[in-house]
Number of protein chains: 2
Amino acid sequence: MASPHGADPITELITTYNELNSHIITELDEEPSPLEFMRFVAKNTPFVVRGAAANWKATQTWTSKFLTSHLADETVNVAVTPAGNADAPTTYKDGSLVFAKPWEEDQPFPEFLNYVIQQENGQAVDSGEIRYAQTQNDNLRNEYASLFSHVQQDIPFARIALEQESPDAINLWIGNSHSVTALHKDNYENLYVQVLGQKHFVLLPPHCQPCVNEQTLKPMQYHRTQPQKPNDEVLELRPDDNDESGGNGTIPFATWDPDRPLENATAYSYLAEPVRLTLWPGDMLYLPCMWYHKVSQSCFPNDICVAVNYWYDMDFAGPLYPLSNFVRAVNPNSHNR
Amino acid sequence: MASPHGADPITELITTYNELNSHIITELDEEPSPLEFMRFVAKNTPFVVRGAAANWKATQTWTSKFLTSHLADETVNVAVTPAGNADAPTTYKDGSLVFAKPWEEDQPFPEFLNYVIQQENGQAVDSGEIRYAQTQNDNLRNEYASLFSHVQQDIPFARIALEQESPDAINLWIGNSHSVTALHKDNYENLYVQVLGQKHFVLLPPHCQPCVNEQTLKPMQYHRTQPQKPNDEVLELRPDDNDESGGNGTIPFATWDPDRPLENATAYSYLAEPVRLTLWPGDMLYLPCMWYHKVSQSCFPNDICVAVNYWYDMDFAGPLYPLSNFVRAVNPNSHNR
């Protein structure tokens, strides 16, 4: 893009930020005070607190055996995909890139968890599909309410600093290493706590929109089908029934994967300096609002991955939200919503 | 400017910000806690604390008589201009707009103050020139050190929140209603305290750069001359001797005055919604870093205007500094530095 100064403004933006900010995440040994937290919010900069939740009942007591027993009679919503690609850019059979939503179905919790563990252990499982309990609808205060007392009701330093009585949502995530959450961003301040297994985060600040190759993708959803022949697909992508625009809408979504930097790259992708970190059980990540994040996971042997995250409403006042939109509007490769 | 979306991105930026932020300043009854202050820093949003400094010794005891007596034997640096236009865009005799720096000279303090008061009272004064003690070089801890104990050494909520042992500079301002500080911005977090008289602020956030018609102006400085004839100018603009670029440099400076909105306007000026406020003695303003501010003043009868401001280093980390530069770089009317 031409600039009145000769230099490319987007290049200058990303490189200036990189010069003034480290891509090595700040590691804290203990939870910040509300004031210390607010300094990170002010800079829209992530940090990790090692061991912040090490003494939570969840971290101390949850195992796959405990969860199976505790939720023996529960039925839970499960996201099912062929490749762990819930809410992810996916190549459709006609060659086009679409936004794939998972098939969702209710399963008895013990059956769900047993499947996740067997798959992680390398045992043969039906069809090889990937199952992930990942409803991001405040499920820990609803579907999994019987587990809620095992975690903190909120994150006190965030509640005080952000002046919010309660998180907007508290979500529980249960899956195995086959599930990956594709690079995306949320309009929330996010506190993310690891309980079992590891989460691997790749983070990019909001102004890196020109790096992520946002495309407008047609939303589709996997549907479980009854195969007629042995090789028929069990999960079939179909236009999204729940698409509020009546099937004509598209979803703007990042299609660049920082872990495959040469594929789907834009002219700016090479400027990105992702923040990379791994959460261990008991660790807590502050993921600032509007940051792009890709999340993958590793399980310890014979185990599962479990995490809890707290979403606090972001503050749309101040300059960051309009300025982040401005970067998108100026980027010549952005697509109309 | 063309946008990939059709709408003009700069227009969208300014109007989105205006929709999400009030141009009515927040008024506090008491000083904020460090955490409360940090919430404003995070939003890069100003506030005023009415009466915050009402009990300071300066506010309680400073009068023109007291200052004349207290500084009876002192010599101080005085900025002298023909029209109160120190550091201001000014029309040169060839019709061009230049950046006028004041003539600076040392004067006995009682003589300086007497001049300022007489002029404010409407009494005839030599040449009508405007005198303003406004050295912004930490003068309250140097030139006026004998007065420093009459004000707070720092602003505790800012010191704690910003993690700075001491302000970078503490400046004393002494003048009358004839001095105006032209619209400009500083890379400092600013706490501004009124002691005598009133200050009238007009404020614009950093992303309003496209509204202020930044031009590159040739720096010039007033020089006191010995007039040969009665009508000769006493203060003559000459190329700036101290110009570090050897006289070839230019200074990028706002040339739009929100109080004369139709003059020197850009295509975006009409979108600006300035924050306007008046400080009374004892009031304290938080002026966030990089905000444009124009400052004028009113004196009470037979009196002077006195203020003190505390500059704290801004944090260049985080997205605001690079994003503010980005707006300037994208604005097609910005000029090369």
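These numbers were taken from a predicted model, which means no experiment stands behind them.

**A closer look at the pattern of salt bridges**
Residues and elements named next belong to chain A. Counting across every chain of the model gives 32 salt bridges over all chains. Between lysine 294 and aspartate 259 there is a salt bridge; the shortest N-O distance is 2.7 Å. Of this pair, lysine 294 sits in strand 17 (residues 292–298) while aspartate 259 sits in the loop between strand 14 (251–254) and strand 15 (275–279), and the two are 35 residues apart along the sequence. Looking at aspartate 259, the relative accessible area reads 36%, which means it is partly exposed. A cluster of three or more residues bridged by salt bridges with shared partners is formed by Glu105, Glu129, Arg131 and Arg224.

**Thoughts on the sheet that holds strand 18 (residues 305–313) of chain A**
Residue and element names in this part refer to chain A. Judged by pairing direction, the sheet is mixed, and its 6 strands sit side by side in the order 1-2-16-10-18-8 without closing on themselves. Only two strands of the sheet have a single partner each, and these edge strands are strand 1 (26–28) and strand 8 (169–175). Put simply, the sheet's adjacent strands are angled 20 degrees from each other on average, direction ignored. The sheet contact formed by strand 1 and strand 2 (residues 47–49) spans 3 bridges and is parallel. Paired with threonine 26 across the strands is phenylalanine 47, a residue of strand 2. Strands in contact with helix 2 (residues 34–43) are strand 1, strand 2, strand 10 (188–196) and strand 16 (284–287); relative to strand 16, the strand with the most contacts, it is inclined by about 40 degrees.

**Focus: the relation of the copies chain B and chain A**
Once turned by 180 degrees and shifted 0.0 Å along the axis, chain B lies on chain A with an RMSD of 0.0 Å. What the superposition gives is, in effect, a two-fold axis relating one chain to the other. Residue Ala42(B) of chain B places its C-alpha closer to the rotation axis than any other residue of that unit, at 1.9 Å. Taken together, the interface assignments show that 98% of the residues at the interface of chain B recur at the interface of chain A, consistent with an identical surface on both copies.

**Remarks on the packing of helix 7 (residues 320–330) of chain A against helix 1 (residues 9–20) of chain B**
At their nearest, the axes of helix 7 of chain A and helix 1 of chain B sit 9 Å apart, and the two run at 160 degrees to each other. Taken together, the axes of helix 7 of chain A and helix 1 of chain B lie roughly antiparallel to each other. In this structure, the crossing between helix 7 of chain A and helix 1 of chain B has a hand that is right-handed. Contacts from Tyr321(A), Pro322(A), Leu323(A), Phe326(A), Ala329(A) and Val330(A) in helix 7 of chain A reach Pro9(B), Ile10(B), Glu12(B), Leu13(B), Thr16(B), Tyr17(B) and Leu20(B) in helix 1 of chain B.

**Let's talk about the packing of aromatic side chains**
In this description, an aromatic ring pair is defined by two values, namely the gap between the centres and the angle between the planes. For the structure shown, the criterion picks out 33 aromatic pairs over all chains. An angle of 85 degrees between the planes, with centres 4.7 Å apart, marks the rings of Phe316(A) and Tyr321(A) as edge-to-face. Residue classification places Phe316(A) among the partly exposed residues on the basis of a relative accessible area of 30%. In this structure Tyr321(A) comes out as partly exposed when scored by relative accessible area, which is 21%. Taken together, a centroid distance of 4.6 Å and an interplanar angle of 10 degrees make the contact between Tyr188(B) and Trp311(B) stacked. Here Tyr188(B) is found in strand 10 (residues 188–196), whereas its partner Trp311(B) is found in strand 18 (residues 305–313), with 123 residues between them in sequence.

**Focus on the confidence of the model for chain A**
Predicted confidence across chain A gives a mean pLDDT of 93, with 95% of residues reaching 70 or more. Predicted complex metrics record ipTM = 0.93 and pTM = 0.94.

**Examining the state of the cysteines**
Considering all chains together, one arrives at 0 disulfides over all chains under this definition. Between Cys305(A), a free cysteine, and Cys299(A), which holds the nearest cysteine sulfur, the sulfur-to-sulfur gap is 3.1 Å. In this model Cys208(B) remains outside any disulfide bridge; the closest cysteine sulfur is found in Cys211(B), 4.2 Å from its own.

Each value, and the rule that gives it
- Residues numbered from 1 in each chain as written.
- Chains lettered and ligands numbered in written order.
- Predicted model: local features only at pLDDT ≥ 70, side-chain atom pairs only at ≥ 80, totals over all residues.
- Heavy atoms only, no water.
- Salt bridge = Lys/Arg side-chain N within 4 Å of Asp/Glu carboxyl O.
- Helix = DSSP H or I, 4+ residues; strand = E, 2+ residues; numbered from the N terminus.
- Buried < 20%, exposed > 50% of the residue type's maximum accessible area, 1.4 Å probe, protein only.
- Pairing = 2+ DSSP bridges.
- Axes fitted to C-alpha atoms, helices over the stretch in contact; angles between N-to-C directions.
- Contact = heavy atoms within 4.5 Å.
- Least-squares fit on C-alpha atoms with pLDDT ≥ 70 in both.
- Parallel < 35°, antiparallel > 145°, perpendicular 65-115°, else oblique.
- Left-handed = near helix turned anticlockwise from the far one by under 90°.
- Phe/Tyr/Trp six-rings, centres within 6.5 Å; stacked < 30°, edge-to-face > 60°.
- pLDDT = per-residue confidence, 0-100.
- Disulfide = S-S within 2.5 Å.

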